[in-house]
Amino acid sequence: MLNQRNTLAQRGSNTQKRHNLRQVGYMLMVTTDSHIPVLYRCYQGNHHDITAFKTHLTEMITTAKRLTNGADVTVVFDKGNMSKEVITLLHGERHFVTSLIPSDHEDL
């Protein structure tokens, strides 16, 4: 059969509250100087970003180390991918930039 049902595009939650649309999630690693894609991963739209991020983060770090011969690499991600597990994995391994979740830092 040529017309198989697409398993990648799935209904999931998004910030626009459009749960009726099919979507695809992706992770992308690019170079800072010329923005050339180096590595990407697509995942089903009904999977949470944090789950996919944790699954592929080690692979992305390994690829970055190999391609840069150990040069400094900064991982940039949004608050939807932040967890204690991710911070522990990145801490001491790579530089990273992320946003804070306000409810986790009420004293600020």
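Computed from a predicted structure; not experimentally measured.

Asker: Help me understand the overall build of the chain, please; the structure alone is not making it clear to me.
Answerer: Along its length, the chain carries 2 helices and 5 strands. Reading the chain from its N terminus to its C terminus gives the helix and strand order β-β-β-α-β-α-β. Taken over 108 residues, the chain has a buried fraction of 27%. Counting contacts in the chain only where the partners sit at least 6 residues apart, residues at least 24 apart contribute 32% of the total.

Asker: What should I look at first to understand the pairing of strand β2 (residues 22-30) in this one?
Answerer: Consecutive residues of a regular strand have side chains that alternate between opposite faces of the sheet. Covered by surrounding structure in β2 are Gln23, Gly25, Met27 and Met29 only, the residues Arg22, Val24, Tyr26, Leu28 and Val30 on the alternate face being uncovered. With 2 bridges joining them, strand β1 (residues 10-11) and β2 adopt antiparallel strand pairing. The partner of Arg11 across the bridge, within β2, is Arg22. Linking β2 back to strand β3 (residues 37-44) in an antiparallel pair, the connection comprises 6 residues, with His35 at a positive phi of about 60 degrees.

Asker: Can you help me understand the side chain of Thr63 in this one?
Answerer: When you line up the elements, Thr63 lands in helix α1 (residues 49-68). Note on Thr63: relative accessible area 10%, which makes it buried. Excluding residues within four positions of it along the chain, Thr63 makes contact with Met29, Val38 and Leu39.

Asker: I tried to follow the sheet that holds β2 on my own but got confused; where do I start?
Answerer: Strands belonging to one sheet form pairs held by backbone hydrogen bonds; the direction of such a pair is parallel or antiparallel. With respect to topology, 3 strands assemble into an open sheet ordered β1-β2-β3, the strand pairing being antiparallel. In this open sheet, the two edge strands, each paired with only one partner strand, are β1 and β3. Where β2 lies against β3, 7 bridges are found, and the strand directions are antiparallel. Note that in β3 the partner of Leu28 across the bridge is Tyr40. Lying on the sheet, α1 is in contact with β2 and β3; it crosses β3 at an angle near 160 degrees.

Asker: Would you take a moment to explain α1 for this structure?
Answerer: Structurally, the α-helix is built with 3.6 residues per turn, so residues lying three or four positions apart point the same way. The principal kink in α1, of about 40 degrees, is found at His56. On its buried side, α1 packs onto β2, β3, β4 (74-76) and α2 (84-90). In the stretch just after α1, Asn69 is the one whose phi turns positive, near 55 degrees.

Rules behind the numbers
Residues numbered from 1 in each chain as written. Predicted model: local features only at pLDDT ≥ 70, side-chain atom pairs only at ≥ 80, totals over all residues. Heavy atoms only, no water. Helix = DSSP H or I, 4+ residues; strand = E, 2+ residues; numbered from the N terminus. Buried < 20%, exposed > 50% of the residue type's maximum accessible area, 1.4 Å probe, protein only. Contact = heavy atoms within 4.5 Å. Pairing = 2+ DSSP bridges. Axes fitted to C-alpha atoms, helices over the stretch in contact; angles between N-to-C directions. Bend = angle between axes of the 7 residues up to and from the residue.

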